[in-house]
Amino acid sequence: MVLWVVLVIALAGAVQGALGLGFPLIATPLIALVTDMRSAVILVLLPCLATIVAGIIKGGPLRPVLARFWMMPIYMFIGAAIGTRLFIAYPDVPYALLLAAIILIYLNLDRLGKTDWPLLRQYDTPFAVLFGLLAGASEGTANVAAPPLVIYYLAAGVTPLALAQALNICFLAGKTTQFATLAWVGGVGIAQWAITLPLAAVATVTALRGVHIRSRIDAATYRIWLKRALFAMALILLAQYAYNLQGS
């Protein structure tokens, strides 16, 4: 079990470093195969935070990204509050299925060459609010925030380095909040967090390797990788929905 957890963390770290996303989506369900879900979340959290910090430090200039996108974590926080309330009020709505549908519609539009949206670039701020709220709502309902963010940043024409950093600042805010909540009111003590520190070290090493790989590929290749990652996310969401439907 320990070997499996280490291998999964290493893989997720490499993907997070190379793409700027994907760590919790890969690591959480795979580790949950050999543990319970709560333990999986705890094991994943600090390694995920470590990869985000490593990405911010080694991922290129941060100041221009903060200057343009510093409000996105705030929009996400508001959207997450709305999404969580929706999930509590309407728990039977297939949120994961809706998010997967959004991803697949976007990818099909991209295949048809219909994702060049000049209106989005012209009215960047209103669309940033819209997609930030949607990302937060997705986090609150389907526990996945990355797809709306990636769709927005790709449509806005953000460069690979800036896109990864923009994702990192959003993920850093979300995961820090999750860590604080688990530490203060979730009953997770120092000893439990300490156990995950070696995993955080493994994740950092592989994430830095992933960042190095990303820095050596061109923008077109990076966009292709991101779209493939989106497709994989859609498949995972559909699989989770089918599994939950079968279990119920």
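Before going into details, it helps to say that this report is about the structure given with it. (Residues numbered from 1 in each chain as written. Predicted model: local features only at pLDDT ≥ 70, side-chain atom pairs only at ≥ 80, totals over all residues. Heavy atoms only, no water.)

**Let's talk about the overall build of the chain**
What counts here: Where helices and strands are cited, they refer to DSSP runs of H or I of at least four residues and of E of at least two residues respectively, numbered from the N terminus. Two things to know: the radius of gyration comes from C-alpha atoms, and the globule rule equals 2.2 Å times the number of residues to the power 0.38. Note on definitions: a residue-residue contact is assigned when non-hydrogen atoms from the two residues lie within 4.5 Å. Accessible surface area values rest on a Shrake-Rupley calculation with a 1.4 Å probe, where residue burial reflects the displayed protein chains alone.
The number of helices and strands found in the chain is 13 helices and 0 strands. Computed over the C-alpha atoms, the radius of gyration of the chain is 17 Å, within 12% of the 18 Å expected from 2.2 N^0.38 for a compact globule of 248 residues. Projecting the C-alpha coordinates of the chain onto the three principal axes gives extents of approximately 50 × 45 × 30 Å. Long-range contacts, defined as pairs at least 24 residues apart, comprise 78% of the intrachain contacts of the chain with a sequence gap of at least 6. For the chain, the exposed surface amounts to about 12700 Å²; the carbon and sulfur share of it is 71%.

**Description of the state of the cysteines**
Structurally, a disulfide amounts to a covalent bond that connects the sulfur atoms of two cysteines. Operational definition: Here, the term disulfide refers to a pair of cysteine sulfur atoms separated by no more than 2.5 Å. Burial classes follow relative accessibility: with a 1.4 Å probe on protein chains only, a residue under 20% of its type's maximum area counts as buried, one over 50% as exposed, and anything between as partly exposed.
Applying the stated criterion across every chain yields a total of 0 disulfides. The thiol of C48 is unpaired, and the distance to the nearest cysteine sulfur, on C170, comes to 13 Å. Here C170 falls in the buried class, since its relative accessible area comes to 2%.

**Side note on the side chain of T115**
Our working definition: Any pair of nitrogen or oxygen atoms within 3.5 Å is treated as a polar contact; in protein, a donor-acceptor pairing is required on top of that, and neighbouring residues in sequence qualify only through side-chain atoms on both sides.
With respect to the secondary-structure elements, T115 resides in the loop between helix 6 (95–111) and helix 7 (118–122). One polar contact links T115 to D110, side chain to side chain, over a distance of 3.0 Å. Residues in contact with T115, not counting those within four places in the same chain, are Y106, L109 and D110.

**Examining the environment of L107**
The topology assignment puts L107 in helix 6. Overall, L107 belongs to the buried group, its relative accessible area being 15%. Separated by 120 residues in the primary sequence, L107 and K227 have C-alpha atoms spaced 7.2 Å apart.

**A few points about the pattern of salt bridges**
Pairs may arise between side chains of opposite charge once their charged atoms sit close together. For the record, the criterion: We define a salt bridge as a side-chain nitrogen of Lys or Arg found within 4 Å of a carboxyl oxygen belonging to Asp or Glu.
Within the structure shown, the criterion is met by 3 salt bridges. The partner of R121 in a salt bridge is D116, and the shortest N-O contact between them spans 2.6 Å. Taking relative accessible area as the criterion, R121 reaches 40% and is therefore assigned partly exposed.

**Describing the packing of aromatic side chains**
A ring pair, where both rings are aromatic, is described by two values, the distance of the centres and the angle of the planes. The cut-off we apply is this: Centres within 6.5 Å make a pair out of two Phe, Tyr or Trp rings, where for Trp the six-membered ring is used; the pair is then stacked when the planes are under 30 degrees apart, edge-to-face when over 60, and tilted otherwise.
One pass over the full model with this rule turns up 6 aromatic pairs. Here F69 and Y152 contribute two aromatic rings whose centre-to-centre distance is 6.3 Å and whose plane-to-plane angle is 85 degrees, an arrangement assigned as edge-to-face. One end of the pair, F69, is in helix 4 (residues 63–69); the other, Y152, is in helix 9 (residues 146–155), with 83 residues separating them in the sequence. Residue classification places Y152 among the buried residues on the basis of a relative accessible area of 0%. Each ring, one from Y152 and one from Y153, has its centre 5.3 Å from the other, and the planes form 55 degrees; the classification is tilted. Taken together through their ring pairs, the aromatic side chains of F69, F131, Y152 and Y153 make up a single cluster.

**A short note on the packing of helix 3 (residues 37–58) against helix 10 (residues 160–184)**
Counted only if it meets this: In this analysis, axes come from line fits to C-alpha atoms, helices being fitted only over the stretch in contact, and the angle between any two N-to-C directions falls in the range 0 to 180 degrees. Should the near helix be turned anticlockwise from the far one by less than a right angle, the crossing is termed left-handed; should it be turned clockwise, right-handed. Residues are grouped as follows: Ala, Val, Leu, Ile, Met, Phe, Trp, Tyr, Cys and Pro are nonpolar; Asp, Glu, Lys and Arg are charged; all remaining types, including Gly, are polar.
Look at helix 3 against helix 10: their axes get within 9 Å of each other, and the N-to-C directions meet at 145 degrees. For the pair helix 3 and helix 10, the crossing hand works out as left-handed. Of the residues in helix 10, those in contact with V41, L45, L46, C48, L49, I52, V53, G55 and I56 of helix 3 are Q165, N168, F171, L172, K175, T176, Q178, F179 and L182. Its residues placed into classes, the contact of helix 3 with helix 10 shows 12 nonpolar, 5 polar and 1 charged.

**Some points on a nonpolar patch on the surface**
Definition in use: A patch consists of residues exposed above 30% relative accessible area that lack any salt bridge, with like charges linked at up to 9 Å and nonpolar side chains (Val, Leu, Ile, Met, Phe, Trp, Tyr) linked at up to 5 Å.
There is a patch of nonpolar side chains on the surface, built from L66, W70, I74, F77, I78, I82, L86, Y90, V93 and L98 and spanning about 970 Å² of accessible area. Counting residues per element, the nonpolar patch draws most heavily on helix 5 (residues 72–89), which supplies 5 residues. Locating V93 in the fold gives a position in the loop between helix 5 and helix 6. Take V93: its relative accessible area is 34%, and that puts it in the partly exposed class.

**Structural notes on helix 6**
Put simply, the rule reads: Working rule for helices: expected span equals 1.5 Å times residues minus one. Here the arc refers to the directions that run from the helix axis out to each C-beta atom.
For helix 6, spanning 17 residues, the distance from its first C-alpha to its last is 24 Å, which sits close to the expected 24 Å at 1.5 Å a residue. For helix 6, every residue scored as buried is listed here: Y95, A96, L99, A100, I103, Y106, L107 and D110. The buried side chains of helix 6 occupy one side of the element, clustering within an arc of 140 degrees when seen end-on. Facing away from the buried side of helix 6 by over 90 degrees, the exposed positions are I105 and R111. Within two residues after helix 6, G113 carries a phi angle of roughly 75 degrees, on the positive side.

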